[in-house]
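What the coordinates show
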Amino acid sequence: MQLRQRHVNFLYFARQIIEKIFFFSGLYGEKGILPAHTQLPNLNYPKQCFFDKLTVLCFSSYFGLNTAYMMELLALTGTVLSFIGMVWKSWCTATFYFFLWGSYLSLYQVGQTFLWFQWDILLLEVGFLTILVAPVSRRGWSEYRPRNLVTMWLLRWALFRLMFASGVVKLQSDCPSWWGLTALTVHYESQCIPTPLAWYFHQLPVWWNKLCIVATFLIEIPVPFLFFSPVRSHRIFACYSQILLQVMIVFTGNYNFFNLLTLTLCLSLMDDVHLGYQHVKDLSFGFISYVKNTCSWVFKWIGYGILAYYTMAYFSLRVTPEGTIESAIAFSRGDFDAWMSRAVPLSIAIGAFSLLITVAEALTSALFEVRGCLDKFGVFTTTFVYSAMAISLFGISLVPYTVLDRPSNQRVWPIFHHWYEYTSDIHLTSAYGLFRRMTGVGGRPEVVLEGALYLDGPWREYEFPYKPGSVDRLPPFVAPHQPRVDWQLWFAALGTYNQNPWLISLAHRLLSGQPDVVALLDPSSPWRDSPPKYIKATKYIYHYANFAEGASGMWWKRQVDGDYLPIFTVDHAPLVEYLRKIGTIGTMDIPATNQPLQQLLDIIRSFLTAMDPELLVWSLFVSACILIWTKRNAVPTIVKGVYRPRNKGGRWDQSQK
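Conventions we followed
- Residues numbered from 1 in each chain as written.
- Predicted model: local features only at pLDDT ≥ 70, side-chain atom pairs only at ≥ 80, totals over all residues.
- Heavy atoms only, no water.
- Pairing = 2+ DSSP bridges.
- Helix = DSSP H or I, 4+ residues; strand = E, 2+ residues; numbered from the N terminus.
- Contact = heavy atoms within 4.5 Å.
- Axes fitted to C-alpha atoms, helices over the stretch in contact; angles between N-to-C directions.
- Salt bridge = Lys/Arg side-chain N within 4 Å of Asp/Glu carboxyl O.
- Patch = residues over 30% accessible without salt bridge, like charges linked within 9 Å, V, L, I, M, F, W, Y side chains within 5 Å.
- Areas by Shrake-Rupley, 256 points an atom, 1.4 Å probe, with all protein chains shown as cover.
- Parallel < 35°, antiparallel > 145°, perpendicular 65-115°, else oblique.
- Left-handed = near helix turned anticlockwise from the far one by under 90°.
- Nonpolar A, V, L, I, M, F, W, Y, C, P; charged D, E, K, R; others polar.
- Buried < 20%, exposed > 50% of the residue type's maximum accessible area, 1.4 Å probe, protein only.

The four strands are arranged E4-E3-E5-E6 in an open sheet whose pairing can be described as antiparallel. The sheet terminates laterally at strand E4 (460-461) and strand E6 (556-568), the two strands that pair on one side only. The pairing of strand E3 (residues 444-452) with strand E5 (residues 534-544) spans nine bridges and is antiparallel. Within the sheet, the bridge partner assigned to Glu-446 lies in E5 and is Tyr-540. On the sheet, helix H21 (residues 501-511) packs against E3, E5 and E6 and is oriented at approximately 120° with respect to E5.

What follows deals with the pattern of salt bridges. According to the stated counting rule, one finds 13 salt bridges in the structure shown. The partner of Glu-220 in a salt bridge is Lys-170, and the shortest N-O contact between them spans 3.1 Å. With Glu-220 in helix H11 (residues 206-220) and Lys-170 in helix H7 (residues 148-172), this pair connects stretches of sequence that are 50 residues apart.

Time to look at a nonpolar patch on the surface. A cluster of nonpolar side chains, namely Trp-297, Val-298, Phe-299, Trp-301, Ile-302, Ile-306, Tyr-309, Tyr-310 and Tyr-314, defines an oily patch on the protein surface of about 990 Å² accessible area. Relative to the assigned elements, Trp-301 resides in helix H15 (residues 286-314).

This part is about the packing of helix H5 (residues 94-108) against helix H6 (residues 118-133). Running from N to C, H5 and H6 point in directions that differ by 160°, and their axes come no closer than 8 Å. By the angle class used here, H5 and H6 are roughly antiparallel. The interaxial crossing formed by H5 with H6 has left-handed handedness. Residues Ala-94, Tyr-97, Phe-98, Trp-101, Tyr-104, Leu-105 and Tyr-108 of H5 lie in contact with H6, whose contacting residues are Asp-120, Ile-121, Leu-123, Leu-124, Gly-127, Phe-128, Thr-130 and Ile-131. Counted by class, the contact of H5 with H6 contains twelve nonpolar, two polar and one charged residues.

The next thing to look at is unusual backbone geometry. Residues Gly-457 and Pro-458 are joined by a peptide bond in cis, for which omega reads 5°. Here the residue pair Ala-479 and Pro-480 is connected by a cis peptide bond, since its omega of 10° sits within 30 degrees of zero. Along the chain, Pro-480 falls in the loop between E4 and helix H20 (484-492). At Asn-256, a position not held by glycine, the phi torsion is positive, near 45°. One can find Asn-256 in the loop between helix H12 (232-252) and helix H13 (258-266). Accessibility expressed as a relative area gives 2% for Asn-256, which makes it buried. With a phi angle near 45°, Ser-316 is a residue other than glycine that sits in the positive phi range. Along the chain, the position of Ser-316 falls in the loop between H15 and strand E1 (318-319).

Take a look at the structure:
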């Protein structure tokens, strides 16, 4: 559990230092793309503002800061605490995680379109669960807590909902690419920000990519049911299957902290024995031990056999004379809908039964394995309370989960619907389903902004640091950082500029030469020193270059698909009127009166922005890991006056006794 909680600390750490401190002013400042203070209309009445928006940013005036500076202060505080929590586990209490969760929720509430991603709400859900997993006090680390069984089960249920939903929505969307098993032939090219390896994976043969889609469906749809299998090897197998999928996604795509968060959730499928924190001896003997091992072996291979049989049958796997493996979906949409009408209720029943067994095990452990009447009463009562909370959260989670099957959603108890609506603002649980439809089948659409000093040109393209632009630029590795503007430009290309008002605001800020917004551009981009007089946007269709073209330094090919954004000037009357109407310009934030604190934040920001975001976060993460290793291995431990060094696993070296 210590390992799992440190991973969550890293995720909070990465999110807050990278995506907030670096780009607060450009995204959310008073002259940023989407000023945050416009989301807090009652700033002059902090208490009313807080109850309306549930964000501590409402109390900015108490610190003498405006909204953007308060966001930076909140992020910096969360970053420092997250780093401390990674290194010193005794800090990781429920109160500690409550602050981290509350600070991220506060930032999310004003994040607008730049924070409306599934991984943001997933981090909020998992962040709240860490409050339940963590001990109430720092002294609680040394206590035996049966409630851990229940709280860790909630993380497993969250992982199940995430993966199962992500698998089935691909087929429910009727996307021809998913049903034809051809999604990966375009995914590596069309995803938001590919990695350099994605270019090489794109060159793989079609039959291999189709087989990888089959593996994806297998890992995301049937394998998650093994999360609740009584056979331990099934859970370990399911865990490593999910890890394999997430690692492959990390290699080929920049999905910020999402894959790291999913990998952290996968640890809920492992026990302390598998992680090396505990050794358990089998106390059974003779015939009982033989029967136990035989039953475990039989059920293990029955499960694997069923999984292999239906994979072969439903995807028509066959080996060709050329040595390739052909595959095709062998069921219809009607068959799949009929299966879903049974699978969703079955998964709820399995989850409910597993939770009840876990609760019973935890309460029994609290009742019979804790000595002393007072301690027994305290541990049992605490376990009972956490069990009741777990059952409530399970019931609330059924409301968004059952959107996968309408009849099942209608059968969820009304009280759970009511609780879900009541808590929806703080995202205790949410609906998930990633990569529902495959975009970019005919090529990757991309919006390219261009500026000019004269109406007839020459037009020079703006370059952003991570999105495809110049065809000779190598796709980067950028995770766990998510460059929000680069990502949103990918989404903007899928629609029109009328559907993306933030893009109009971006164009106006670039025309006016706002330094914080210009800082979001790549250092090689033109117009960084002085803004153009005119700006427009053109839509291109990008394709990966082939091997021959790649050898000459070309990573992309592109062709013009048409105009995207009409030509604007900074004083274009309809543009200015529109931005005033949506509140991007013409609104004032509360004044910042705490000049010393404001200057300190400016100094810290200037220091941090001198480094690449992804390099900074990994440097700090490695530093924390080194400190953890140093604490565990370099510091001698004295027990009853006897010096005993620790071995590499952190356990007593028995040979020294």
